[in-house]
Amino acid sequence: MNAAGRSEFFARLRAANPAPKTELAYATPFQLLIAVILSAQATDRRVNLATRRLFADAPDAAAMAALGEERLMDYINRIGLYRSKAKNVVATCCLLLERHGGEVPATREALEALPGVGRKTANVVLNVVFGEPTIAVDTHIFRVGNRTGLAPGKTPLAVEEKLLRCVPAEFREHAHHWLILHGRYICKARLPECWRCPVADLCSYRGKTVPPGGSEAS
């Protein structure tokens, strides 16, 4: 996909959703950080079900650290990898209190020093909380980047680096959410819904699909 195609690609996604937002429920930067840690290998819906009660009872780092791992697991035990996540969340809360006054730090280095926080989680927090033009490459963005020809790469980091180079500056702040939502609801893993895709004509995917019961595209 050339530069003109990339500009048109994001212009259409913006037209369809001018102000995209994360589907994780949160009220503070701290709560977003915890929700993103919990969302690894779990759906946003499942995380939101757990955090609705968790954040009501433990809305900040001090309250969540006070829960301890065992009590925290009672809130998140329907989320995948909940035991290791409980350990990381409590440890992260303790470090936030010890090093940052309970607040979420604004640098990648400080974020990635927190247990359970890798590059993808740090990118989400930097983008959503601090407005940095980062792109957190999850399975959806990795698929969309490769399938469409927008930013092909063999690893999430390769796709991220290519996106940061090729996404026009005016679209970079929201590119993360546009691509995630596009992959989640249209460019799906098993059966992309190409017949209702606003960028299908810009996409290099050769196996474009048609509506159920429809005829093959010419």
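Heads up: these notes are all about the structure in this document.

Criteria and thresholds
Residues numbered from 1 in each chain as written. Predicted model: local features only at pLDDT ≥ 70, side-chain atom pairs only at ≥ 80, totals over all residues. Heavy atoms only, no water. Helix = DSSP H or I, 4+ residues; strand = E, 2+ residues; numbered from the N terminus. Buried < 20%, exposed > 50% of the residue type's maximum accessible area, 1.4 Å probe, protein only. Contact = heavy atoms within 4.5 Å. Salt bridge = Lys/Arg side-chain N within 4 Å of Asp/Glu carboxyl O. Polar contact = N/O pair within 3.5 Å; in protein donor to acceptor, adjacent residues only side chain to side chain. Axes fitted to C-alpha atoms, helices over the stretch in contact; angles between N-to-C directions. Parallel < 35°, antiparallel > 145°, perpendicular 65-115°, else oblique. Nonpolar A, V, L, I, M, F, W, Y, C, P; charged D, E, K, R; others polar.

Here we look at the environment of Ala63
Reasoning step 1: In this structure, Ala63 sits in helix H4 (residues 61-76).
Reasoning step 2: Residue classification places Ala63 among the partly exposed positions, given a relative accessible area of 24%.
Reasoning step 3: If near-sequence neighbours (up to four positions away) are discounted, Ala63 is found in contact with Asp57 and Ala58.

Here we look at the pattern of salt bridges
It is possible for side chains of opposite charge to pair when their charged atoms get near one another.
Reasoning step 1: Counted by the stated rule, this structure contains nine salt bridges.
Reasoning step 2: We note a salt bridge from Arg184 to Asp44, for which the minimum N-O separation is 3.2 Å. Within this pair, whereas Arg184 is found in helix H10 (residues 172-185), its partner Asp44 is found in helix H3 (residues 44-57), the two being separated by 140 residues in sequence.
Reasoning step 3: Among the residues examined, Arg184 registers a relative accessible area of 23% and is labelled partly exposed.
Reasoning step 4: Taking the shortest distance from any N to any O, the salt bridge between Lys188 and Glu193 comes out at 2.9 Å.
Reasoning step 5: Each member of the salt-bridge network shares a partner with another, and the members are Glu8, Arg12 and Asp201.

Notes on the side chain of Thr92
Reasoning step 1: Checked against the element boundaries, Thr92 lands in helix H5 (residues 82-100).
Reasoning step 2: A relative accessible area of 0% places Thr92 in the buried class.
Reasoning step 3: Separated by 2.7 Å, the side chain of Thr92 and the backbone oxygen of Pro115 make a polar contact.
Reasoning step 4: Dropping the residues within four chain positions of it, Thr92 is found in contact with Leu33, Ile37, Leu114 and Pro115.

Observations regarding the packing of helix H8 (residues 139-148) against H10
Reasoning step 1: Interaxial distance between H8 and H10 falls to 8 Å at its minimum, and their mutual angle equals 85 degrees. Put simply, H8 runs roughly perpendicular to H10. Facing H8, whose interface residues are His140, Ile141, Arg143 and Val144, H10 presents His176, Leu179, Ile180, His182, Gly183 and Arg184.
Reasoning step 2: Split by residue class, the contact of H8 with H10 holds four nonpolar, four polar and two charged.

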